[in-house]
Amino acid sequence: MVFNEWSLVLFTVLAQTAVGMLLVSEIARKTASGPVGAVLSRQLPAVGVLTAAALLLSLSHLGTPLHSVFTILNAGSSWLSREILAMGGFFAAVVALAVVRRRNPEAEATGLAVLTMLLGLVAVYVMSRVYMLVTVPVWDSVSTMLGFYGTALVAGSIAGGLLFGIQSNRDASLAGETRSRIAGVFILAALLGLGLKFVGVPLEMIALDSMNGLDVSGLAMLASDGTVLLVARMVLTFLGTAVFAWAAFRVVVSHENGVMINAGLCAFGLVLAGEIMGRLIFYGTYLRIGM
Amino acid sequence: MLKRPAFYIDMEACTGCKTCMIACIDKNDLPDGVLFRRVTEYAGGNWSRNANGSYEQNVFAYYLSISCNHCENPICVRSCPTTAMHKDENGIVTVDHDKCVGCRYCEWGCPYSAPQFNAEKGKMEKCDFCRDYLEQGKPPACVAACPTRALKFGEYEELAAKYGADNVVAPLPDPSITGPNLIVSPNRNARPEGSRSGKIQNPEEV
């Protein structure tokens, strides 16, 4: 197995985390029964920083980064051009929304928020299509898309939930009911993401069963030392989500906030490790038909 | 110049000597690890039991010398984000180095391994059908070098009319994906496209 795509591993995981964080925090904001005050104020800046870091990291994959301005020229037929446009559009919308909310913290800016959420959903869709190449049967599966949306929701809600835990701990004025609702949204989103990932697993196995001209299948590539990685990455993501759900549930039932920070950090570490491992396996099992 | 340049391989004549590969490396002054033409060895075989209880083997092997096929619907051109990869007015699939960003996405998609990454230049490179030689009325370096005359080039329609267009053998991919300008006369041992009876035996070489 060859693990030489670190820049793409980090780019995809961070970009998806950013999209998920934006989606979940915006839904949490809408779902909260009362005024949320400043308790979600750091979500947008964090999404912006994550997206910018992801985009910068992606540059290190390029042989001639100075030519990256040309990468949007083939949007008519290249999914890679579309990915760059979609991620760029998402980033611009996040910055715009952050600026609007900073000028007027009471502003809902619902229209712009919905647009940003849609751009995020589109960006993850387009990002999946980049890998669904007809000549790469291990990737050309709906499991790629389920995995990417799953990463967005799992890692995004845990990152967002952790940030919410830190901010709400300092904000004693936040109503208990609001606190519960926001934490509830983060839990549901993380569980939905975990569900998507696990639905994708059998489909991924089917896709990995395809072979190349060397008579090697994706499953065969994983058979020796890869099985441990494959299991470990699922266990890590599952454990991370479970720890997070437990901590956030404490907030829902007892409005007790303290546990969200330590457990949230622990959960985020577990899930990030699991997702990075999963993405290394994804790139490591690249296999193409032909010669 | 040709309108739709194509390569023709007579697999029955090819001995797998790899002179075409070497001539190509020499002509293009390619660094280590960059190959515009690769000679793939495809082989397989098994023991089978006869009615009288004796065993017999059916070992087979053959060669396929493949460069860029300057496809009609090239997946590299379709996927290239910068439009650096394009089909020029002579039907030759070419990389514009003033635009190529070196993302290697064309390399991921091409089922013939035609686009190759040149790490020194940080850009993709590939077979240009020896455009300069064609302009001088000379054959491409690989074709000129072939000692058994197994490799030919010409107008796709003419080669197709002469040798037949629909011979696709393993491990070549389904031609409907990219529409390669490649004509093949199969070896007597050639297995059909998609066959799992053999495998590529020299991956470290191609």
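How each quantity is defined
- Residues numbered from 1 in each chain as written.
- Chains lettered and ligands numbered in written order.
- Predicted model: local features only at pLDDT ≥ 70, side-chain atom pairs only at ≥ 80, totals over all residues.
- Heavy atoms only, no water.
- Helix = DSSP H or I, 4+ residues; strand = E, 2+ residues; numbered from the N terminus.
- Rg over C-alpha atoms; globule rule 2.2 N^0.38 Å.
- Buried < 20%, exposed > 50% of the residue type's maximum accessible area, 1.4 Å probe, protein only.
- Contact = heavy atoms within 4.5 Å.
- pLDDT = per-residue confidence, 0-100.
- Core = buried A, V, L, I, M, F, W, Y, C linked by side-chain atoms within 4.5 Å.
- 1 Å grid on protein atoms, 1.4 Å probe; cavity = no way out; pocket = protein on both sides within 12 Å on 5 of 7 lines; lining within 4 Å.
- Points joined across faces, edges and corners; volume = space filled by probe spheres on them.
- Nonpolar A, V, L, I, M, F, W, Y, C, P; charged D, E, K, R; others polar.
- Pairing = 2+ DSSP bridges.
- Axes fitted to C-alpha atoms, helices over the stretch in contact; angles between N-to-C directions.
- Polar contact = N/O pair within 3.5 Å; in protein donor to acceptor, adjacent residues only side chain to side chain.
- Parallel < 35°, antiparallel > 145°, perpendicular 65-115°, else oblique.
- Left-handed = near helix turned anticlockwise from the far one by under 90°.

Asker: If you had to explain the overall build of chain B to someone new, which residues and values would you point to?
Answerer: In terms of regular secondary structure, chain B is built from six helices and 12 strands. On C-alpha atoms alone, chain B measures out to a radius of gyration of 18 Å, which is about the 17 Å that the 2.2 N^0.38 rule sets for 206 residues. With the C-alpha coordinates of chain B rotated into their principal frame, the extents come out at 70 × 35 × 30 Å. Taken across its 206 residues, chain B has 51% of its residues classed as buried. Relative to all contacts within chain B whose residues are 6 or more apart in sequence, the contacts with residues 24 or more apart total 64%.

Asker: Outline the overall build of chain A, supporting the account with residue identities and numerical values.
Answerer: Per the secondary structure count, chain A includes nine helices and zero strands. Sequence-ordered secondary structure for chain A, helices as α and strands as β, is α-α-α-α-α-α-α-α-α. Over its C-alpha trace chain A gives a radius of gyration of 19 Å, about what one expects of a compact globule, namely 19 Å for 291 residues. Its C-alpha atoms give chain A principal-axis dimensions of roughly 65 × 40 × 25 Å. Looking at chain A as a whole, 54% of its 291 residues are labelled buried.

Asker: Lay out the confidence of the model for chain B in plain terms, naming residues and giving numbers.
Answerer: Here chain B shows a mean pLDDT of 96. Residues at 70 or above account for 100%. Taken over the whole predicted complex, pTM reads 0.95, whereas the ipTM for its chain interfaces reads 0.92.

Asker: Quick one: what's the story with the nonpolar core, residue by residue and with numbers?
Answerer: A general trend in soluble globular proteins is that nonpolar side chains are found buried together. Membership of the largest hydrophobic core comes to 54 residues, with the highest contact counts inside it found for Y131, W139 and Y283 of chain A together with W108 of chain B. Take this core: its biggest share by element is 11 residues, from helix 1 (residues 6-31) of chain A. With residues up to four places along the chain from it excluded, the contact list for Y131 of chain A reads T12, W139, D140, T144, F148, F282 and Y283 of chain A together with W108 of chain B. Within the second largest apolar cluster, 48 residues are counted, among which are M21, C24, L151 and A170 of chain B.

Asker: Explain empty space enclosed by the protein residue by residue, including any values.
Answerer: Residue and element names in this part refer to chain A. A complete count under the given rule lists eight cavities of 30 Å³ or more for this structure. In this structure, the largest cavity occupies an estimated 270 Å³ of space. Lining the largest cavity are 19 residues, with S143, G147, E204, R233 and F282 sitting closest to its centre. Breaking the lining of the largest cavity down by element, the ones donating at least two residues are helix 5 (142-169), helix 6 (176-208) and helix 9 (258-284). Partitioning the lining of the largest cavity into residue classes produces seven nonpolar, seven polar and five charged. When its volume is computed, the second largest cavity comes out at roughly 110 Å³.

Asker: Explain the sheet that holds strand 10 (residues 151-155) of chain B to me, and be specific about the residues and the numbers.
Answerer: Residue and element names in this part refer to chain B. What the three strands build is an open sheet, ordered 10-1-11; its pairing is mixed. This sheet does not close on itself; its edge strands, each paired only once, are strand 10 and strand 11 (182-185). Taking the axes of each pair of neighbouring strands and ignoring which way they run, one obtains an average angle of 25° across the sheet. Packed on one face of the sheet, helix 6 (residues 156-163) meets strand 1 (5-10), strand 10 and strand 11 and runs near 120° to strand 10.

Asker: An account of the environment of E125 of chain B is needed here, citing residue identities and associated values.
Answerer: Residue and element names in this part refer to chain B. With respect to the helices, strands and loops of the structure, E125 is situated in strand 9 (residues 123-125). Sequence separation between E125 and A165 is 40 residues, and the spatial gap between their C-alpha atoms is 28 Å. The contacts of E125, once residues within four sequence positions are left out, are L30, V34, F36, V95, H97, A114, P115, Q116 and N118. Among the polar contacts made by the side chain of E125, one reaches the side chain of N118 at a distance of 2.9 Å. A distance of 2.6 Å separates the side chain of E125 from the side chain of K121, its partner in a polar contact.

Asker: Mind laying out the packing of helix 2 (residues 43-59) of chain A against helix 3 (residues 79-103) of chain A, listing which residues take part and the relevant values?
Answerer: The axes of two packed helices give the description: the angle between them and the distance between them. Residue and element names in this part refer to chain A. One way to put it is that helix 2 packs onto helix 3 with a least axis distance of 9 Å and a crossing angle of 155°. Classified by the angle their axes make, helix 2 and helix 3 are roughly antiparallel. Helix-helix and strand crossings are classified by hand; for helix 2 and helix 3 the assignment is left-handed. Between helix 2 and helix 3, the residues in contact are L44, V47, G48, T51, A52 and L55 and M87, F90, F91, V94, L97, A98 and R101, respectively. Classifying every residue of the contact of helix 2 with helix 3 gives 10 nonpolar, two polar and one charged.

Asker: Report on the side chain of T64 of chain A, specifying residues and quantitative values.
Answerer: Tracing the backbone through its elements, the reader meets T64 of chain A in the loop between helix 2 and helix 3. Given a relative accessible area of 13%, T64 of chain A falls into the buried group. Residues in contact with T64 of chain A, not counting those within four places in the same chain, are C100, V101, G102, K121, G122 and K123 of chain B.

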